[in-house]
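Examination of the molecular architecture
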Amino acid sequence: CMFGLLVLLSLLNSAVRVLFSYLMSDFWSALSDKNVEDFYRILIRFVIALLFLAPINVMYQYLKQRLAIEWREWMTNRMLHLYYSNRAYYKIEQQNQ
């Protein structure tokens, strides 16, 4: 579930970043053409896109870090379970001597 949400947020994050690249291109074109109407129209779109990108980016970063923590916990528990099962720690100690 968390992985699927992470993939979805990754796709949304990429889509909004592509939108930002187009907006920045239009923004600089309007600025260089000295077109005031286009400049303000694009500026409003830029702010709206920013309002969408900020929560998407925060949720994406949070879920990515949360998934990494859960994976590390799972790996640690798995390793400790394997180490302590069937007296593996004792067998490893005997092999070193």
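In every chain, residue numbers begin from 1 and rise along the written sequence. Selection of residues for local features in this predicted model requires a pLDDT of at least 70, selection of side-chain atom pairs for listing and counting requires 80 or more, and totals for whole chains, interfaces and linings are taken over all residues. Hydrogens and water molecules were not included; the side-chain quantities draw on all heavy atoms of the structure.

1. Observations regarding unusual backbone geometry
At lysine 34, a residue that is not glycine, the phi angle is positive and equals roughly 55°. Checked against the element boundaries, lysine 34 lands in the loop between helix H1 (2-32) and helix H2 (36-84). Accessibility expressed as a relative area gives 72% for lysine 34, which makes it exposed. Only DSSP runs of H or I reaching four residues or more are called helices, and only runs of E reaching two or more are called strands; each is numbered from the N terminus. Buried means the residue's accessible area, taken with a 1.4 Å probe over protein chains only, is under 20% of the maximum for its type, while exposed means over 50%, and partly exposed covers the values in between.

2. A closer look at the nonpolar core
Buried residues of nine kinds, namely Ala, Val, Leu, Ile, Met, Phe, Trp, Tyr and Cys, make up a nonpolar core once their side-chain atoms join them within 4.5 Å. Grouped together as the largest cluster of nonpolar side chains are 14 residues, with contacts concentrated most on Leu9, Val16, Phe20 and Ile42. Of all the elements in the fold, those that place two or more residues in this core are H1 and H2. By definition in these notes, contact holds between two residues if any of their heavy atoms fall within 4.5 Å. Setting aside residues up to four positions removed in sequence, phenylalanine 20 forms contacts with Phe46, Ala49, Leu50 and Leu53.

3. Observations concerning the pattern of salt bridges
Any Lys or Arg side-chain nitrogen found within 4 Å of a carboxyl oxygen on Asp or Glu counts as a salt bridge. All told, the structure shown has 2 salt bridges when counted by the stated rule. In this structure, the salt-bridge partner of arginine 66 is glutamate 70, at a minimum N-O distance of 3.5 Å. Of this pair, arginine 66 and glutamate 70 both sit in helix H2, 4 residues apart, which is roughly one turn of the helix. Judged by relative accessible area, glutamate 70 falls into the partly exposed class, the value being 34%.

4. Side note on the confidence of the model for the chain
Residue-level pLDDT values for the chain average 88, and 91% of them are 70 or greater. Residue-level confidence of the predictor is what pLDDT reports, using numbers from 0 through 100. Between the elements of the chain, mean pLDDT differs from a low of 68, seen in helix H3 (residues 88-96), to a high of 91, seen in H2.

5. As for a nonpolar patch on the surface
To count toward a patch, a residue needs a relative accessible area over 30% and no salt bridge; like charges are then connected within 9 Å, while nonpolar side chains (Val, Leu, Ile, Met, Phe, Trp, Tyr) are connected within 5 Å. Here, Shrake-Rupley sampling with a 1.4 Å probe gives the accessible areas, and only protein chains in the shown set may cover a residue. Among the surface-exposed residues, Val36, Tyr40, Leu43, Val47 and Leu51 lie close enough to one another that they form a single nonpolar patch of about 470 Å² accessible area. Here valine 36 lies in helix H2.

6. Some details on the packing of aromatic side chains
One pair of aromatic rings is described through two measures. These are the centre distance and the angle between the planes. When the centres of two rings from Phe, Tyr and Trp lie within 6.5 Å, Trp using its six-membered ring, the rings pair. Their planes under 30 degrees apart give stacked, over 60 give edge-to-face, and anything left gives tilted. Across all of its chains, the model carries 4 aromatic pairs by this definition. Residues phenylalanine 27 and tryptophan 28 carry aromatic rings whose centres are separated by 5.5 Å and whose planes lie at 80° to one another, so their mutual orientation is edge-to-face. Linked through ring pairs, Phe27, Trp28, Phe39 and Tyr40 together constitute an aromatic cluster.

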